[in-house]
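As a plain string of letters, each chain reads:
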Amino acid sequence: MVGLKSSEVPPTTAVKFLGAGTAACFADLLTFPLDTAKVRLQIQGENQAARSARYHGVLGTILTMVRTEGPRSPYNGLVAGLQRQMSFASIRIGLYDSVKQFYTPKGSDYSSITTRILAGCTTGAMAVTCAQPTDVVKVRFQASVHLGPGSNRKYTGTMDAYRTIAREEGIRGLWKGTLPNITRNAIVNCAEMVTYDIIKEKLLDYHLLTDNFPCHFASAFGAGFCATVVASPVDVVKTRYMNSPPGQYHSPLDCMMKMVAQEGPTAFYKGFTPSFLRLGAWNVVMFVTYEQLKRALMKVQMLRESPF
């Protein structure tokens, strides 16, 4: 490692793990209102409490929430969202390269698309299994409508939400919607990580861009668009099922069938615009920050290991 720049030294798994979680939290801080708007648009037509406030478009949804529920409402569930990203993104993004190398045949210098898809599915499923309770709490907070001092708020805080859900619905309630969430995140993770991986690789291989901000931006934007297109239907079902009271839906499949029967197939793409704005912006912020954090953390590690 002597004489190498920090950008030339492959980052360790620990650096990727920490960098991914930190970058994801930073991206969530900037894009969380878009995610909340997406959830409100996805459950519109289902949530009885929300029918008094009709939402129209991304900006309209955020403005309606601020007007009727206060300026902090777009950030409902932020604490659970940050808890989710620190555990979720660290696994699905931070461990992606390690799992990809594990699936790559020994002696091979190239990872096939199949190998990358397997790696994306694996880390996505692992992440959901660990972080599902944080996702359930985040969705519940984002979906809850608080119309001033006179209205009831089911949860007083993040920890109270964990306790209340476990008490009223059992421990299994914290893992409600795990199957559609695993499906959704396997798809999202494959679309995001594989697309980002391939676009970045091709841009560098064909010398169209160097390994810097424009390359990371273009790769992340493409990853966000692909992820939104393929994952939106599963995301809507996941959001509605996780937010539903006990007994409303028998299963994710039952939720899907009722959506089609009552609202038509276009219901699967409710909230598509905020989903794309959020995933696109989130991917750009996260991947650009992640790449810079990896370099910064490796530089710190090299300085600590240097004898001078």
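Residues numbered from 1 in each chain as written. Predicted model: local features only at pLDDT ≥ 70, side-chain atom pairs only at ≥ 80, totals over all residues. Heavy atoms only, no water.

Caption draft 1: The arrangement of a nonpolar patch on the surface in detail. Residues Phe225, Val229, Val230 and Tyr269 make up a contiguous nonpolar surface patch of about 330 Å² in total accessible area. The residue Val230 is located in helix H9 (residues 213-243) in this model. (Patch = residues over 30% accessible without salt bridge, like charges linked within 9 Å, V, L, I, M, F, W, Y side chains within 5 Å. Areas by Shrake-Rupley, 256 points an atom, 1.4 Å probe, with all protein chains shown as cover. Salt bridge = Lys/Arg side-chain N within 4 Å of Asp/Glu carboxyl O. Helix = DSSP H or I, 4+ residues; strand = E, 2+ residues; numbered from the N terminus.)

Caption draft 2: Geometry of helix H1 (residues 13-43). Helix length check: H1 (31 residues) gives 38 Å between terminal C-alpha atoms against 45 Å at 1.5 Å per residue, more than 12% under. At Thr31, H1 shows its maximal kink, close to 65°; a proline, Pro33, follows between one and four residues later. Most of H1 sits out of view: 23 of its 31 residues are buried. (Expected span 1.5 Å × (residues − 1). Bend = angle between axes of the 7 residues up to and from the residue. Buried < 20%, exposed > 50% of the residue type's maximum accessible area, 1.4 Å probe, protein only.)

Caption draft 3: Structural view of the nonpolar core. Counting 27 residues, the largest nonpolar core has Ile93, Trp282, Met286, Phe287 and Tyr290 as the members making the most contacts within it. Sorting the residues of this core by element identifies H1, helix H3 (78-92), helix H4 (96-103), helix H5 (113-143), helix H8 (178-205), H9 and helix H11 (272-305) as the ones contributing at least two each. If near-sequence neighbours (up to four positions away) are discounted, Met286 is found in contact with Ala23, Ala24, Ala27 and Ile93. Val136, Phe141, Leu174 and Met242 belong to the second largest nonpolar core, which has 11 residues in total. (Core = buried A, V, L, I, M, F, W, Y, C linked by side-chain atoms within 4.5 Å. Contact = heavy atoms within 4.5 Å.)

Caption draft 4: Examining the environment of Tyr269 more closely. Relative to the assigned elements, Tyr269 resides in the loop between helix H10 (252-263) and H11. For Tyr269, a relative accessible area of 39% corresponds to the partly exposed category. Taking C-alpha positions, Tyr269 is 35 Å from Asp211, a pair spaced 58 residues apart along the chain. Filtering out sequence-adjacent residues up to four positions away, Tyr269 remains in contact with Val229, Ser232 and Pro233.

Caption draft 5: Spatial organisation of the state of the cysteines. Under the definition given, this model contains 0 disulfides. Of the cysteine sulfurs around Cys190, a residue in no disulfide, the closest is that of Cys121, at 3.3 Å. (Disulfide = S-S within 2.5 Å.)

Caption draft 6: Representation of the packing of H1 against H5 in the model. One can describe the packing of H1 onto H5 by two numbers: an axis separation of 9 Å at closest approach and a directional angle of 75°. When the interaxial angle is binned, H1 and H5 end up roughly perpendicular. Across from Phe32, Asp35, Thr36, Val39, Arg40 and Ile43 in H1, the residues of H5 making contact are Lys138, Val139, Gln142 and Ala143. Looking at the contact of H1 with H5, its residues break down into 5 nonpolar, 2 polar and 3 charged. (Axes fitted to C-alpha atoms, helices over the stretch in contact; angles between N-to-C directions. Parallel < 35°, antiparallel > 145°, perpendicular 65-115°, else oblique. Nonpolar A, V, L, I, M, F, W, Y, C, P; charged D, E, K, R; others polar.)

Caption draft 7: Local environment of the side chain of Gln85. Residue position: Gln85 is located in helix H3. For Gln85, a relative accessible area of 2% gives the class buried. Each residue touching Gln85, except ones within four places of it in the same chain, is listed here: Gly21, Ala24, Cys25, Asp28, Ser90, Arg278 and Trp282.

Caption draft 8: Fine view of the environment of Ser251. Inspection of the secondary structure puts Ser251 in the loop between H9 and H10. Separated by 71 residues in sequence, Ser251 and Pro180 place their C-alpha atoms 9.6 Å apart.

Caption draft 9: Summary view of the environment of Ser73. Tracing the chain through its elements places Ser73 in the loop between helix H2 (57-69) and H3. Spatially, the C-alpha atom of Ser73 lies 32 Å from that of Cys190, the residues being 117 residues apart in sequence. Other than its neighbours up to four places away in sequence, Ser73 contacts Thr36, Met65 and Val66.

Caption draft 10: Spatial organisation of the pattern of salt bridges. A complete count under the given rule lists 23 salt bridges for this structure. Lys38 serves as the salt-bridge partner of Asp35, at 3.1 Å between the closest nitrogen and oxygen. Of this pair, Asp35 and Lys38 both sit in helix H1, 3 residues apart, which is roughly one turn of that helix. For Lys38, a relative accessible area of 5% gives the class buried. Between Asp97 and Lys100 there is a salt bridge, with its nearest N and O atoms 3.8 Å apart. Note that Asp97 and Lys100 are positioned in helix H4 at a spacing of 3 residues, about one turn of the helix. Each of the salt bridges in this network shares a partner with another, and the network as a whole consists of Asp28, Asp35, Lys38, Arg84, Asp135, Lys138, Asp235, Lys238 and Arg278.

Interpretation note: all reported values are geometric properties and have no functional meaning in isolation.
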